[in-house]
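Given next are the chains, with one letter for each unit.
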Amino acid sequence: MYLPLERYDEAYERIKEDAQRAHGAETVLVLVAPDVDAVCACRLLVSQFRHDWIAHKVVPVATYSELLDVGAELIARAGSEVRSVILVNCGGIVAVADMFPDLRPDQRVYVVESRRPLNLDNVFGNELVTVLDDGHIDRELAEERAAYEAMAFGDVGFDDEDEDDDEDDDLDDEEEEVESERALEDGGADEEEEELAIDDPPPPPFSSSSSAPRSSRRSGTGTGDEDDSDAESRISEPPPYQEEKENAGSFAGGPKAKRSRFALIGEDSDVDDDDESGPVPTPPPRSTGDLAGTGRPAKRKRRPQDVRRERRLKRRRSEATLFAYQSQGTWTGTAAALAMFHLINQLGRATVTAAWLASVGITSQYQLEEIAESRYLAQVEDLDAHLQRLSSTTASAAAAAVAGGTAANGAASIAGPGTVARTRDWRLPLYRHWTLYDALRSARGPATRLSAWTDAGKSRLRFLFAKLGVAVDQYTKPFAHMDSTVKETLQGEFVAQAPLVGLDRLEWTTFVRTTAVGTVVAAADMVAALWALAVHPNAPAALVHHATTGGSIVDLEALTLGSTVVSGTAAIGARPDAFYAMLDALNDDRRVAAGIETAKLLTTSIMSVVGTLISRHAIRTLRGLRYALVRDVGDAAGALRTPNGVRELALVLFAALREIGRADLPLIVGVLQPAAVVSSAATDGEQAEEEEEDMYLLVGHVGASEEGLVRRNRVGLAFQEAAAATQARHSHDAFDPTVIWVVKDDVTDFVEQLQMHLGAPPV
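Computed from a predicted model, the values in this text were never measured in an experiment. (Residues numbered from 1 in each chain as written. Predicted model: local features only at pLDDT ≥ 70, side-chain atom pairs only at ≥ 80, totals over all residues. Heavy atoms only, no water.)

Colleague: What is the right way to read the pattern of salt bridges from this model?
Modeller: Scanning the model with the defined rule gives 32 salt bridges in all. Measuring nitrogen to oxygen at the nearest pair gives 3.8 Å for the salt bridge that ties Glu-319 to Arg-315. With a gap of four residues between them, Glu-319 and Arg-315 both fall in helix α15 (residues 304-327), about one helical turn apart. Exposure remark for Glu-319: the relative accessible area of 32% places this residue in the partly exposed category. Across the pair Arg-449 and Glu-707 runs a salt bridge whose closest N-O atoms are separated by 2.6 Å. Here the residue Arg-449 occupies a position in helix α21 (residues 444-450), and Glu-707 occupies one in the loop between β17 (695-701) and α31 (715-726), the gap between them amounting to 258 residues. A relative accessible area of 17% means that Arg-449 is categorised as buried. One continuous salt-bridge network, built from bridges that share partners, spans Glu-373, Arg-449, Asp-504, Arg-505, Glu-659 and Glu-707. (Salt bridge = Lys/Arg side-chain N within 4 Å of Asp/Glu carboxyl O. Helix = DSSP H or I, 4+ residues; strand = E, 2+ residues; numbered from the N terminus. Buried < 20%, exposed > 50% of the residue type's maximum accessible area, 1.4 Å probe, protein only.)

In structure tokens form, the structure reads like this:
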């Protein structure tokens with residue numbers, strides 16, 4: 001089942017009631033994926049549990065295997081007191097019944113999922129599962145719901161009788177031919193034609209030529225084999241892309257228009273029901289089957305084979321609809337953090353801090369190019385409306401945020417600590433905590449437009465600052481330490497002069513927050529800091545000193561000595577220390593400062609790899625994709641040892657391809673992960689060491705040719721098909737289906753097979 005947006009509080013009240021009946025037992029289990037959006041949503045949800053004194057347990061999970069283990073250990077075990085299981089960005093696109101097959105009637109699973117497509121068993125078929133919907137189900141899944149209910153609860157589901165139906169098709173068709181001949185002999189051909197035209201169900205969807213089989217059926221000359229084979233072939237056709245709605249900003253529109261009964265049962269009609277000026281249909285001529293001289297043919301009794309055929313075609317239409325839904329690829333809906341903010345708002349407990357965490361969640365989606373700019377801006381407007389209500393200092397906070405307001409230029413003294421405000425800001429993550437020169441060289445958009453890793457790109461940057469009249473010693477020092485007069489000059493002229501060197505889209509609407517020490521942190525800065533903490537959760541305390549004093553990191557060893565980088569397949573699962581480092585940073589400014597300093601180093605490392613790959617022409621083009629396999633990145637800081645790091649590399653490479661007009665194909669980026677020595681249980685019970693094989697961490701990205709738009713990502717489906725076809729040794733266990741680990745020796749065959757599945761253009 002599912003709950004719409006305006007009824008989220010009902011789910012929370014149910015969780016609260018179940019917890020109160022347990023008299024203090026730990027009845028709530030929160031399973032969270034280790035991504036920025038999920039971590040923010042977890043913090044918001046946990047704050048409500050603490051407010052109501054609800055005992056709960058938070059467990060980070062990164063793969064389906066871990067989800068199964070948790071289900072067996074904490075949910076299904078005898079004596080378990082768990083009554084409510086909350087999945088945050090994990091497990092929403094698979095059937096919960098498969099993950100937790102031993103759920104008891106007194107246990108309920110709540111799904112808070114931003115990934116799409118949602119699993120229809122969770123939405124419509126399991127009373128123990130409640131999906132929190134953002135309006136997507138009622139707005140977009142009317143046809144899928146009808147098809148699912150017809151297959152699961154209706155009379156078109158497959159059973160043993162259908163096996164006999166297929167065998168009896170030829171006999172039925174022969175009987176129809178005999179009946180047709182008899183009708184012609186009796187002068188009843190018109191009656192038979194009219195009967196079939198009304199009662200026959202429509203052909204399956206996605207038909208390239210639906211009129212041909214329909215006319216064959218009407219004429220009474222076909223055997224029916226053409227219809228069945230054509231229906232089966234259409235089921236295998238890939239569905240069309242449907243991302244135009246989101247790119248056009250119509251994601252919040254009304255429900256789909258329903259087809260009339262005439263159009264559903266008969267052929268597609270252009271006749272308007274309200275139009276009375278159309279031609280009046282001519283009644284059929286009278287025949288021996290005339291009913292009481294009315295001119296209406298007598299309707300013959302439906303035969304069993306007609307019922308079976310109608311049932312079979314209905315089933316195939318339902319199968320085609322469900323197949324199209326699952327085959328359209330993956331995309332992203334409302335951020336889990338924003339969904340939890342709406343829940344808190346319905347409970348009457350919304351705060352400025354809650355709105356800030358929601359803004360970090362939606363900014364994370366936008367930074368990863370998971371949502372279109374139109375959706376992002378609509379959500380920003382929604383959050384800003386709440387901030388206007390929750391904060392009386394929004395206007396002064398906006399004044400403090402301009403030009404990167406910090407304690408250094410005195411602007412932050414206007415706004416108190418913890419103030420959050422919407423503002424127009426430069427699209428340069430981390431620039432307030434870096435030098436402006438380095439921020440331009442490392443920001444995804446400006447760096448790819450200028451080819452900032454080349455000498456020519458660096459020259460264009462220096463030319464831009466010369467036109468602005470900014471000296472070298474100013475744009476190469478930390479932004480917080482720049483002269484206030486230079487900042488004022490940049491605020492007025494930077495965006496205006498940037499097109500001289502080919503830079504545009506340098507401003508965007510975002511949220512900023514003033515910390516306790518007066519530093520302004522943008523939502524994009526927070527996203528970068530959390531990602532860095534996921535890579536290096538134990539960043540040395542020295543980084544905090546650098547961050548709070550405005551310094552910069554120049555020594556790689558200062559970072560690598562303070563944490564351990566997990567490489568190889570050991571990095572596939574969740575790292576609890578990384579998850580809790582991210583979670584703690586949401587209310588710890590010192591951890592955020594350390595994360596920002598770490599993010600600067602990781603970003604620089606990735607940009608260095610990008611420059612090397614592009615200069616060496618390492619991106620190869622196949623029939624249906626482009627790919628780059630990185631064997632040696634020299635990545636001392638571990639930026640490319642996690643899926644998030646490889647995804648950032650893919651996003652930058654795709655942005656570079658977009659600049660030269662080559663954004664038409666999916667991009668697959670793989671980074672070789674060195675084998676890790678892990679201990680595993682030997683068959684005799686003793687501990688033994690086994691050396692794992694080197695594996696490539698592959699991430700697939702499907703982007704749009706224009707920045708700010710999105711496309712459905714079919715790479716995850718192609719990964720599954722290619723792995724099955726090649727029998728490659730792999731691990732496709734992450735919640736994000738566009739992430740896969742493939743053994744080094746099998747990756748070549750895997751990529752070659754992958755192009756076969758991505759090569760065919762979508763219909």
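What follows picks up the thread again.
Colleague: In this structure, what is going on with the packing of helix α16 (residues 336-346) against helix α18 (residues 373-390)? I would like to understand it.
Modeller: Between two packed helices, the angle of one axis relative to the other and the distance separating the axes together describe the packing. Between α16 and α18, the shortest axis-to-axis distance is 12 Å and the interhelical angle comes to 30°. Relative to α18, the element α16 lies roughly parallel. At the point where α16 passes α18, the crossing takes the left-handed sense. Where α16 approaches α18, its residues Leu-338, Phe-341, His-342 and Asn-345 are matched on the opposing element by Gln-379, Asp-382, Leu-383, His-386 and Arg-389. Grouping the constituent residues of the contact of α16 with α18 by class yields three nonpolar, four polar and two charged. (Axes fitted to C-alpha atoms, helices over the stretch in contact; angles between N-to-C directions. Parallel < 35°, antiparallel > 145°, perpendicular 65-115°, else oblique. Left-handed = near helix turned anticlockwise from the far one by under 90°. Contact = heavy atoms within 4.5 Å. Nonpolar A, V, L, I, M, F, W, Y, C, P; charged D, E, K, R; others polar.)

Colleague: Please explain the nonpolar core as it appears in this structure.
Modeller: With 140 residues, the main nonpolar core has Leu-31, Leu-67, Ile-86, Leu-87, Phe-100 and Leu-649 as its most contacted residues. Excluding its chain neighbours within four sequence positions, the residues that come into contact with Phe-100 are Leu-31, Leu-67, Gly-71, Ile-75, Val-85, Leu-87 and Val-109. Core analysis: the next-biggest nonpolar cluster, separate from the first, contains 24 residues, Ala-443, Leu-464, Phe-479 and Leu-506 among them. (Core = buried A, V, L, I, M, F, W, Y, C linked by side-chain atoms within 4.5 Å.)

Colleague: In this structure, what is going on with the packing of aromatic side chains? I would like to understand it.
Modeller: Both the distance between ring centres and the angle between the ring planes are used here to describe each pair of aromatic rings. Following the criterion strictly, the structure yields 16 aromatic pairs and no others. Both rings, one in Tyr-12 and one in Phe-49, keep their centres 6.0 Å apart while their planes meet at 10°; by these two values the pair is stacked. Of the two residues, Tyr-12 is situated in helix α1 (residues 8-21) and Phe-49 in helix α2 (residues 36-51); the sequence distance between them amounts to 37 residues. As far as burial versus exposure is concerned, Tyr-12 and Phe-49 are alike and both buried. (Phe/Tyr/Trp six-rings, centres within 6.5 Å; stacked < 30°, edge-to-face > 60°.)

Colleague: How do you make sense of the environment of Phe-511 when you look at a structure like this?
Modeller: Its place among the elements puts Phe-511 in strand β10 (residues 507-514). Owing to a relative accessible area of 1%, Phe-511 belongs among the buried residues under this scheme.

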